[in-house]
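The primary structure of each chain is shown beneath.
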Amino acid sequence: MAHYKAADSKREQFRRYLEKSGVLDTLTKVLVALYEEPEKPNSALDFLKHHLGAATPENPEIELLRLELAKMKEKYEAIVEENKKLKAKLAQYEPPQEEKRAE
């Protein structure tokens, strides 16, 4: 009998842990969404994976990488623009390519 109460106690602790961390609420929401889906998907597991993946918060490292990527894209665009301006400026001081070949 003591073994039964210990297992029951562990289950109750685990249930409280899941409830406190929001797992039960999230699973319930996803299962309700699947239930209310007018056309059931071919793979219920894929549906759950998709919706659970979308429901989880972003990894902070991924967000930092996205910010860094955005900054690098801006820097790249600025450098490309500067390169165009410098090429145009250089073209003012260099003779056209045809005149160089004739010399």
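Everything numeric in this text was worked out from a predicted model, so none of it was measured.

Basis of the calculations
Residues numbered from 1 in each chain as written. Predicted model: local features only at pLDDT ≥ 70, side-chain atom pairs only at ≥ 80, totals over all residues. Heavy atoms only, no water. Helix = DSSP H or I, 4+ residues; strand = E, 2+ residues; numbered from the N terminus. Buried < 20%, exposed > 50% of the residue type's maximum accessible area, 1.4 Å probe, protein only. Areas by Shrake-Rupley, 256 points an atom, 1.4 Å probe, with all protein chains shown as cover. pLDDT = per-residue confidence, 0-100. UniProt positions renumbered as here; feature names shortened; annotations may be inferred. Patch = residues over 30% accessible without salt bridge, like charges linked within 9 Å, V, L, I, M, F, W, Y side chains within 5 Å. Salt bridge = Lys/Arg side-chain N within 4 Å of Asp/Glu carboxyl O. Phe/Tyr/Trp six-rings, centres within 6.5 Å; stacked < 30°, edge-to-face > 60°. Lys NZ or Arg CZ within 6 Å of the ring centre and 35° of its normal.

(A) Geometry of the overall build of the protein. Looking only at helices and strands, one finds five helices and zero strands in the protein. Helices and strands appear in the protein in the N-to-C order α-α-α-α-α. A burial count over the protein gives 4% of its 103 residues as buried. On the protein, roughly 9900 Å² of surface is accessible, and the fraction owed to carbon and sulfur atoms is 58%.

(B) Broad picture of the confidence of the model for the protein. Looking at the protein, pLDDT values average 85 and 85% of them are 70 or higher. At the low end of the mean pLDDT range in the protein sits helix α5 (residues 97-102), at 61; at the high end sits helix α4 (residues 60-93), at 93.

(C) Quick peek at the UniProt feature "coiled-coil region" (unreviewed entry) in the protein. Under the local residue numbering, the UniProt record ascribes the feature "coiled-coil region" (unreviewed entry) to residues 62-89. Along residues 62-89 one finds 100% helix and 0% strand; the C-alpha atoms at either end are 40 Å apart.

(D) Main features of a nonpolar patch on the surface. A cluster of nonpolar residues, V23, L27 and L31, forms a patch on the protein surface that exposes about 220 Å² of accessible area. Tracing the sequence through the fold places L27 in helix α2 (residues 23-36).

(E) How the structure looks around the pattern of salt bridges. Across all of its chains, the model carries four salt bridges by this definition. Notably, a salt bridge pairs R15 with E19, separated by 2.7 Å at the nearest N-O pair. Taken as a pair, R15 and E19 lie in helix α1 (residues 2-20) at a separation of four residues, close to a single helical turn. By relative accessible area, which is 49% here, E19 ends up partly exposed.

(F) Quick peek at the packing of aromatic side chains. What the rule picks out here adds up to one aromatic pair. Looking at K40, its charged tip hangs above the ring of Y35, at a distance of 5.9 Å from the centre.

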